[in-house]
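What the coordinates show
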Amino acid sequence: MQQLLLFVLLGLGSGALIAGIALAVVLTYRGSGIINLATGSIAMLSGYCYWALKTGAVGSGMSTTPALVLTFVYTLLIGAAMELIAFRPLRNASPLAKLVSSLGVLLIAQASMLLAFGTTQKPQPPILPSGVVTVFGTTVPVDRFILAGIVVAVTILLAAVYRWSRFGLATRAASENEVFALLAGLSANRLSMVNTLLASVVAGSIGVLAASITQLDSISLPLQVVPALAAALLARLTSFAIAAAAGFGIGIINSLLDYFSNQSWYPTDNGVPLPGVKELIAFLIIITAMFLRGASLPGRGELIEQRLPFVPRPERLAAPAVTASIVCAAAFVVLPFDFRQALINTLIGIVMALSLVVITGFVGQISVVQLSLAGVSGFTVSHLAVDAGIGFPLAPLAGAGLAVLLGVLTAVSALRVRGVALAVVTLGAAVAIVNFGFINSTWGGGDTGSPVPEPHLFGLDLGPRSAFHGLDGGLPSPVFGWVVLAVTVALCLFVASLRRGDFGQRMLAVRSNERAASAAAVDVRTVKLVAFSISAGIAGIAGALYAYNFGSVSAERFGALTALALIAFAYAGGITLVSGAVFAGLISTEAIVPHAMDKWLGINGNWFLLFGGVILIFTLIQHPEGVAGAFYKWLHRRRRPTRADAPGRVRPEAQVER
C-alpha cells in the first residue's frame, strides 16, 4: 500500500505536465477555435531556450533570473508569430486547414531544434528545489508537489478570469458565436491573440519547470500533446478544471503502470514489461471521451462559410500515365544508385499520399492513422515470410487485407466522430499502434526491426537485390523500381477513375454535407466504410512496398510525427488531386527532391522538414487547394479556346466540383 501511495504521488509530476499542456490546448481553442497540435512544441521551444541561455549553448551562460526573463519574452514572441502568421490568416478557413496549420508550426519547431541542437537529449537545469519530503512514511521529491501546486493555482486563476472578468466573458461570447461578438463590438482578432499568448506562456512555463519530469529533445515534449488532448477532450475543450483534473488523472495512471510493470503478474515481452500500455490507455481515454461526451466538439458561430479545397474532375489520364511510365522506367536504368533509391522512395510516397487523397480529399475525413496502417501491412509481410514461410504475393495481399480490416474499424469511429475530432482520435490511435504494436518484439519488430526477404514470383527475383543492375552496377535493382512504378501508376489511375465514377460523386456529396447527401439517397455509412477500406488498402500496399524496399521494417519509420509530416506534404501538394499526391511524393522524406537538395546543395532532411513546414503554412494561406490545385487553375486559365467553348457547351471550369 505504501508503494502504491508513493507512485500516486510521483504521478503528480507527470500529471502536472499533461495538465499544463491541456490547459494551453483549451486556451487556444477558446480563443481561435484551433486544436493546436503544436502546443507541446511550444513547451519544447521554451525548454530549449532556457537550457541554451543557462548552460551557455547560446552566449556565455546566464544566471537563473535573466535566463527565465528572456525565455518568457521568447515564448511571447513565438506565440505572437504563431498567431499572426499561421492562425489569423486562416480564421475563416475550414477546420482541416486550421489543424494542418498548427501541424506546420509543429514541423517548423521540431526541425529548427534538430538543426540547432541535434538529436541528443539535453540535461535541463532544474529550477524547482530538488529536496524530498516524507508523506505517510514515503519519501517523495518535493518538486512534484510544487509543480502540481503551480498547475492547480494556474487552473483556478484561469477559471476565475474566464468566468468573472470582462475579458473572459468576451472570449466565451466570441467562441460561441463570432458573428454576434462582432456585432457587440468585440474584436475576435484581439481576443484570439491574447488567448494564444496566454496559452504559449502556460505551455512554455511547463516546458521549463518540468525539467525533472521529462526529457528535453525534439520528440518527448511535442508528443505530450496526445495525452493532453485526451484530457482536453474530456473537458470538451472548454473547462479548465476538468482538463487539469483529467491531466493529473492520466499522469497518476501512468505512474501506477510503472509500479505494476515491476510486478510478477504484469505481462511481458521477451522478459521486459509490455511496451506501449500508457499510449494505449491515452487512446482509450480519447475514444471514451468522444463516445460519452458527444460526437462533436463544441462548435463556433463562424463569420464566413467554410469550404474545403475544390476537387476537379481528372481528364486525359492515358497520355500523362504513359509518358511518366516511360520516363521513370528509363530513369531506373540510367540514374545512379542513390537517385534510383530516391525515385523508389518517391513512388512509395506517392502511393501513401494517394491514400490520404481518397479519405481526406474526397470524403473529408481527417485520418492520421494511414501511415500506421502501412506499418501494419509491412510487419505482416515480414512475419508471414520469416515465421510462416509465406512470401510474395500472398504476404503483401494479407498485409493489405489486415490494413483494410483496421481501416474498417477506424471507419466505425468515423461514423460517430468527424472532422478534427476524428483527427484527434486517429492521432491517438497512431501513437498507440506504434508503441503498443510495432515496438513489441512479438508482433512488431522490437528495437531493431524485423527482416523482410526478397519478393520472388515464378523463380524471378523482383526485389531490390535482383541480378539486373542499372548502368552504374549498383543497387537497388531497376527491376524492383519497375514493380513499384507499375503499382504506383495503376493506383493513380484507379484513384482518378474513382473520382470520375458514381462512387466518387457520392464521396464528394458526403464531404460537402452529410445530411444533404443522406436526403439525396446517398448511404453515408456505406460510403464512409468503403472509402476507409479503399484508403486503408492503398496504405497497406504502400507498407508492403516499403518493407521490400528496405529489406526490414521498424517502428521508427511509422512514427506519429512522420505521419503528421506526410499529411503536411500531401496538403501542400494538393490533398484533393492525384497530381497533388505526386507532388507530395516528390518532396516526402528521402524522396528525390530532398535527396537532390542534400547532395547538390548540402541541405539535409531537417532543413527540408523546416522548409516543408514553411511552405505548408504559405500554401494554406495563399493556395488552400495546394500546389497542384493552383497549377490546375493557372493551366485552365491560360487554356486556349477550343470547340468545347462553343456556345451551348459546358466549359471545363464549370465541371470543377466542390
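Just so it is clear, the structure is predicted and the values come from calculations on it, not from any experiment.

1. Side note on the overall build of the protein chain
- Of regular secondary structure, the protein chain possesses 26 helices and eight strands.
- The C-alpha atoms of the protein chain give a radius of gyration of 25 Å, which matches the 26 Å a tight globule of 658 residues would have.
- Out of the 658 residues in the protein chain, the part that is buried amounts to 55%.
- The long-range fraction of contacts in the protein chain, counting pairs at least 24 apart against all pairs at least 6 apart in sequence, stands at 77%.
- When the accessible area of the protein chain is evaluated, it comes to approximately 26,900 Å², of which 66% is carbon and sulfur surface.

2. Topic: the pattern of salt bridges
- Counted under the stated rule, the structure contains 10 salt bridges.
- For the salt bridge of Arg-465 with Glu-454, the shortest nitrogen-to-oxygen distance reads 3.4 Å. With a gap of 11 residues between them, Arg-465 in the loop between strand S7 (460-461) and helix H18 (478-500) and Glu-454 in the loop between strand S5 (450-451) and strand S6 (456-457) connect regions that are remote in the sequence.
- The partner of Arg-557 in a salt bridge is Glu-590, with the nearest N and O atoms 3.1 Å apart. With Arg-557 in the loop between strand S8 (552-553) and helix H22 (560-573) and Glu-590 in the loop between helix H23 (578-587) and helix H24 (592-601), the pair connects residues that are 33 residues apart, well separated along the chain.
- According to the relative accessible area criterion, Glu-590 is partly exposed, its value standing at 37%.

3. As for the environment of Ala-318
- Secondary-structure assignment places Ala-318 in helix H13 (residues 318-334).
- Take Ala-318: its relative accessible area is 56%, and that puts it in the exposed class.
- As a C-alpha pair, Ala-318 and Ile-42 span 276 residues in sequence and 47 Å in three-dimensional space.

4. Digging into a nonpolar patch on the surface
- A surface patch of nonpolar side chains, about 360 Å² in accessible area, is lined by Val-69, Phe-72, Val-73 and Leu-77.
- Along the chain, Phe-72 turns up in helix H3 (residues 64-87).

5. Some details on the packing of helix H1 (residues 2-32) against helix H8 (residues 188-209)
- Two elements in contact, H1 and H8, have axes separated by 8 Å at closest approach and are oriented at 170°. Comparing their axes, H8 and H1 come out roughly antiparallel. For the pair H1 and H8, the contacting residues are Ala-16, Leu-17, Gly-20, Ile-21, Leu-23, Ala-24, Leu-27, Thr-28, Gly-31 and Ser-32 in the first and Ser-192, Asn-195, Leu-198, Ala-199, Val-202, Ala-203 and Ile-206 in the second.
- Looking at the contact of H1 with H8, its residues break down into 11 nonpolar, six polar and no charged.

6. Some details on helix H14 (residues 337-362)
- In this model H14 runs 36 Å from its N-terminal to its C-terminal C-alpha over 26 residues, within 8% of the 38 Å that 1.5 Å per residue would give.
- Most pronounced at Leu-356, the bend in H14 amounts to some 30°.
- With 25 of its 26 residues buried, H14 lies for the most part within the structure.

7. Here we look at the side chain of Asn-345
- Mapping Asn-345 onto the fold places it in helix H14.
- Since its relative accessible area comes to 9%, Asn-345 is described here as buried.
- A distance of 2.9 Å separates polar atoms of two side chains, one belonging to Asn-345 and the other to Asn-549.
- Non-local contacts of Asn-345, meaning those with residues more than four positions away in its chain, are made with Asn-549, Phe-550, Glu-590 and Ala-591.

8. Section: H22
- Between its terminal C-alpha atoms H22 stretches 20 Å, which fits the 20 Å expected from 14 residues at 1.5 Å a residue.
- Taken across its 14 residues, H22 has 13 buried, putting it largely inside the fold.
- Looking one or two residues past H22, Gly-574 carries a phi angle of roughly 135°, positive in sign.

9. Structural notes on the environment of Ile-617
- Within the secondary structure, Ile-617 is located in helix H25 (residues 605-622).
- Judged by its relative accessible area of 7%, Ile-617 is buried.
- If near-sequence neighbours (up to four positions away) are discounted, Ile-617 is found in contact with Ile-85, Ala-86, Ser-101, Gly-104, Val-105 and Ile-108.

10. Brief notes about empty space enclosed by the protein
- On inspection of all chains with the given rule, the structure shows four cavities of 30 Å³ or more.
- Volume-wise, the largest cavity comes out at about 70 Å³.
- Of all elements in the fold, only helix H4 (95-117), helix H17 (420-438) and H22 reach the threshold of two or more residues within the lining of the largest cavity.
- Split into classes, the residues belonging to the lining of the largest cavity amount to 11 nonpolar, no polar and no charged.

11. Focus: the packing of aromatic side chains
- Counted by the stated rule, this structure contains 19 aromatic pairs.
- These aromatic residues form a ring-pair network of at least three members: Phe-7, Tyr-259, Phe-260, Trp-265 and Tyr-266.
- For the cation-ring pair, Arg-557 lies above Phe-550, with the distance from its terminal atom to the ring centre recorded as 4.3 Å.

12. Concerning the pairing of strand S2 (residues 138-141)
- Alternating residues of S2 divide into Thr-138 and Val-140, all buried, and Thr-139 and Pro-141, none buried.
- As defined by bridge partners, strand S1 (residues 132-135) adjoins S2 across four bridges and the pair is classed as antiparallel. Its bridge partner lying in S2, Val-132 is registered against Pro-141.
- Joining the antiparallel neighbours S1 and S2 is a turn of two residues, in which Phe-136 adopts a positive phi near 50°.

13. Digging into unusual backbone geometry
- The amide bond that connects Phe-392 to the next residue, Pro-393, takes the cis arrangement and shows omega of 0°.
- Topologically, Pro-393 is positioned in the loop between helix H15 (370-387) and helix H16 (394-414).
- Residue Pro-476 is bonded to the preceding Leu-475 through a cis peptide linkage, with omega at 10°.
- Of note in the backbone geometry, Asn-270 takes a positive phi value of approximately 55° without being a glycine.
- Structurally, Asn-270 is set in the loop between strand S3 (268-269) and strand S4 (272-273).
- Overall, the relative accessible area of 65% leaves Asn-270 in the exposed class.

Scoring rules and cut-offs
Residues numbered from 1 in each chain as written. Predicted model: local features only at pLDDT ≥ 70, side-chain atom pairs only at ≥ 80, totals over all residues. Heavy atoms only, no water. Helix = DSSP H or I, 4+ residues; strand = E, 2+ residues; numbered from the N terminus. Rg over C-alpha atoms; globule rule 2.2 N^0.38 Å. Buried < 20%, exposed > 50% of the residue type's maximum accessible area, 1.4 Å probe, protein only. Contact = heavy atoms within 4.5 Å. Areas by Shrake-Rupley, 256 points an atom, 1.4 Å probe, with all protein chains shown as cover. Salt bridge = Lys/Arg side-chain N within 4 Å of Asp/Glu carboxyl O. Patch = residues over 30% accessible without salt bridge, like charges linked within 9 Å, V, L, I, M, F, W, Y side chains within 5 Å. Axes fitted to C-alpha atoms, helices over the stretch in contact; angles between N-to-C directions. Parallel < 35°, antiparallel > 145°, perpendicular 65-115°, else oblique. Nonpolar A, V, L, I, M, F, W, Y, C, P; charged D, E, K, R; others polar. Expected span 1.5 Å × (residues − 1). Bend = angle between axes of the 7 residues up to and from the residue. Polar contact = N/O pair within 3.5 Å; in protein donor to acceptor, adjacent residues only side chain to side chain. 1 Å grid on protein atoms, 1.4 Å probe; cavity = no way out; pocket = protein on both sides within 12 Å on 5 of 7 lines; lining within 4 Å. Points joined across faces, edges and corners; volume = space filled by probe spheres on them. Phe/Tyr/Trp six-rings, centres within 6.5 Å; stacked < 30°, edge-to-face > 60°. Lys NZ or Arg CZ within 6 Å of the ring centre and 35° of its normal. Pairing = 2+ DSSP bridges.

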